[in-house]
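Listed below are the residues making up each chain.
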Amino acid sequence: MINGPENQQEEENKPVAIQQEQQEEAAMATEVPQTEQKSEDESNVAAETLALIVEQQGQEEAEEEHHEDIDSLDKSETIARLKEILRNQDVSKARLMGKLKAHFDQIIHAEEHEARQKFIQQGNPASDFEYRHGQDVANLNNLVTVYFKSVRQSYEKDQKSRKANLIMKNALLENLRELCEEAESKDSFNKLKQLQSDWKSVGQVPQKEMAEINRNYSALLEIFYNNRKLYIELIELDRKRNLEQKEHLILKVEKLIEAPFNIKQLTELNHLHEEFKQVGPVPKEKKEELWEKFKAASDKLYERKKEHLQQLNEEWEKNFQSKMQLLDSLKLMAQQVPESPKQWFELSDNIQKIIEQWKAIGKVPQEKVGEVNKPFWSEYKLFLQRKTGFFKQLDKQKAENYKQLVALCEKAESLFDENWQQHIEEIKEIQQQWKAVGPVAKEKKDKIFDRFKKACDQFFQKRREEGKKREEEELQNLQAKEQICEQLEKTDPNTNDLSTFLNEIKSSWQNIGFVPIKDKERINKRYKKAIDQLIGSSNSMPSDERDLKKLEMELASSSNQAASAKIIAGREQALRKRINQLELECQNIENNMLMFSRSSKGSGLLAQYEQQVVSYKKQIEQAKEQLKKMRSMGS
């Protein structure tokens, strides 16, 4: 339909997203996926080859392949299976190869469809879309085509061989028929034995001809033996040999039963059946017994096959229940509404774990594959659509955030003038506003940040230049403090009037200004260590005064009142703890003294306790006095 002017105006006023949706639908309606554009040769080779397989392959093999689980394989698993068959050149896997190749084509088609959608969603016209699968996909397709040609050649060669064998066996039947109609002679039986040998040496014939030609052969043998009563003894001997052969074939079947069951045993059993039928007649009294014994052994193997399939069905049913539970879990997760990219990614990881568990579960009953697979992957597809919608909305928000950041850059750039110092606080406020703005597109993040950083750096570069002089002063102060530490480290601890010397050092230290922040802790530790060593090694200063002097010098090196208060509080706490401990020990001794006062035998020990009490009380008084002086330092 051709749009008139009004319709054209409506089309132009539609939102871009709607226009893109319409373009995508049009593209999907007109374009043919590349995976559907197979060459006729490739399709014909695969179809004709599979037709030959259906004609010639045994029923047990077909049933086994019928349960092959293909739908749950991802791309890499499918390629691995294809390459495994190609590497082994296993022509018996042709039907499986056909299914895997069809599944692989679906995956490639899905990838192309997703790429086309993304191309259109980015605002590109659908007609410009071009998708290349890559040389690895083309190489794989070529290898599959070569494989099917090889399989077809193998089956055609086998079919040709079977037809040739049929001609040869029909010729042998004619010879046998002529032998039956000939007059008896000494060579008749030898001719028969040669004919039988020739018959056994001829290979397989077409499946549909096998039963009839075997019946004709057996019937003619019966006619031959019935017509030659003169050679009854030789016939009986031949039948005994045939009896031994058939009994040997029965033993082979029984050995198959003893071995662990394998589906390949059924193929071998079919060969044994064919060989059993080709063996000549046996004594009449043994014929029925042998057949019943052979049939009973075969039935046991078929029964084991039935049990095997029943076990498989039970296992597949458990797998079905496990997959249904995972489907319920997926539905619950898919209903969640994350509010941030992180939550979306976490939810995606959890769903991916479910998918991995799903793939790790084995096959399910064939009739239930659609019941569980379709809803599971539909739920997953809906989740991906919701996730895509969220990130589209997030992209819109990032675009709005980018506009805000551009405005902040322009504002910061406009403030740098001759009065730049007056705008420092305003720049800091703009920096806070910048932090409050949400994320932007990754490809724009660095560029806009560099622009904003450049605008802010103009202000703070000026401040750094002014602070350079202050750094030089701090280095000079550091050198002065290093010299004081060196002087302390070289001072004799027993020098006269050590206290006055330390007071002078303290005054000099306090008058020195700030040092570089990175050297502050180191120089203070050196200063404190030198003070502690000097005072601790002095013999001219009482021990209680040493601790106070160390504290006084340490307070002089602290940076502020808060730091000093913290130091004093720590020392007070340790001193109070010591006082409490001394008082407790003194009290324990006094309690013991009360017990000794009632006995005349403990007078010597009582005197010893009294001395300890006097010592403890003296230490308590000294500690309390030290505590008072310490508190006066902090006031």
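Residues numbered from 1 in each chain as written. Predicted model: local features only at pLDDT ≥ 70, side-chain atom pairs only at ≥ 80, totals over all residues. Heavy atoms only, no water.

## Describing the overall build of the protein chain
Next, step 1: A count of helical and extended segments in the protein chain gives 21 helices and 0 strands.
Next, step 2: Counting over 635 residues, the protein chain shows a buried share of 34%.
Next, step 3: The contacts in the protein chain between residues at least 6 apart in sequence include a share of 77% that link residues at least 24 apart.
Next, step 4: For the protein chain, the accessible area works out to roughly 40,400 Å², and carbon and sulfur atoms hold 49% of it. (Helix = DSSP H or I, 4+ residues; strand = E, 2+ residues; numbered from the N terminus. Buried < 20%, exposed > 50% of the residue type's maximum accessible area, 1.4 Å probe, protein only. Contact = heavy atoms within 4.5 Å. Areas by Shrake-Rupley, 256 points an atom, 1.4 Å probe, with all protein chains shown as cover.)

## Comments concerning the nonpolar core
Next, step 1: Grouped together as the largest cluster of nonpolar side chains are 20 residues, with contacts concentrated most on I351, F376, Y380 and F383.
Next, step 2: Looking at this core, the elements with two or more residues in it are α12 (284-334), α13 (341-360) and α14 (369-414).
Next, step 3: Here the element with the most residues in this core is α14; it accounts for 7 residues.
Next, step 4: Other than its neighbours up to four places away in sequence, F376 contacts L326, L327, L330, I354, I355 and W358. (Core = buried A, V, L, I, M, F, W, Y, C linked by side-chain atoms within 4.5 Å.)

## Considerations on the packing of aromatic side chains
Next, step 1: Within the structure shown, the criterion is met by 12 aromatic pairs.
Next, step 2: When the ring of F345 is compared with that of F391, the centres are 5.6 Å apart and the planes differ by 35°; the resulting orientation is tilted. Of this pair, F345 sits in helix α13 while F391 sits in helix α14, placing them 46 residues apart in sequence.
Next, step 3: Judged by relative accessible area, which is 45%, F345 ranks as partly exposed.
Next, step 4: Measuring from ring centre to ring centre gives 3.9 Å for W434 and F452, while their planes differ by 10°; the resulting arrangement is stacked. Here F452 lies in helix α16 (residues 442-490) and W434 lies in helix α15 (residues 424-436), a separation of 18 residues in the sequence. Of the two residues examined, W434 and F452, each falls in the buried class.
Next, step 5: Within the aromatic cluster, the residues linked to one another by ring pairs are W344, F345, F383, F390 and F391.
Next, step 6: Note that K444 overlies the ring of Y402, its terminal NZ or CZ placed 4.7 Å from the centroid. (Phe/Tyr/Trp six-rings, centres within 6.5 Å; stacked < 30°, edge-to-face > 60°. Lys NZ or Arg CZ within 6 Å of the ring centre and 35° of its normal.)

## Section: the confidence of the model for the protein chain
Next, step 1: Per-residue confidence for the protein chain gives a mean pLDDT of 75, with 77% of residues at or over 70.
Next, step 2: At the low end of the mean pLDDT range in the protein chain sits helix α2 (residues 16-30), at 37; at the high end sits α13, at 87.
Next, step 3: Note that pLDDT drops below 50 for residues 58-66; the model gives that stretch 19 contacts with residues more than four away or on any other chain. (pLDDT = per-residue confidence, 0-100.)

## Quick word on the pattern of salt bridges
Next, step 1: A complete count under the given rule lists 14 salt bridges for this structure.
Next, step 2: Linked through salt bridges whose partners overlap, the residues forming this network are E482, E489, K518, D519, R522 and R526. (Salt bridge = Lys/Arg side-chain N within 4 Å of Asp/Glu carboxyl O.)

## Overview of the packing of helix α7 (residues 135-181) against helix α8 (residues 188-201)
Next, step 1: Packing of α7 against α8 leaves a shortest axis separation of 11 Å and a crossing angle of 165°. With respect to α8, the element α7 is oriented roughly antiparallel. For the pair α7 and α8, the sense of crossing is left-handed. Here K169, L172, L173, N175, L176 and L179 of α7 lie close against α8, whose contacting residues are S188, K191, L192, L195, D198 and W199. (Axes fitted to C-alpha atoms, helices over the stretch in contact; angles between N-to-C directions. Parallel < 35°, antiparallel > 145°, perpendicular 65-115°, else oblique. Left-handed = near helix turned anticlockwise from the far one by under 90°.)

## Quick notes on the environment of V202
Next, step 1: With respect to the helices and strands, V202 occurs in the loop between α8 and α9 (207-227).
Next, step 2: Measuring from C-alpha to C-alpha, the distance between V202 and A164 comes to 9.4 Å, with 38 residues separating the pair along the chain.
Next, step 3: Residues contacting V202, with those up to four places away along its chain left out, are N165, M168, K169 and L172.

## Focus on helix α6 (residues 94-121)
Next, step 1: Taking 1.5 Å of rise per residue, 28 residues should cover 40 Å, and α6 covers 40 Å from first to last C-alpha, within 8% of that figure.
Next, step 2: Within two residues after α6, G123 carries a phi angle of roughly 95°, on the positive side. (Expected span 1.5 Å × (residues − 1).)

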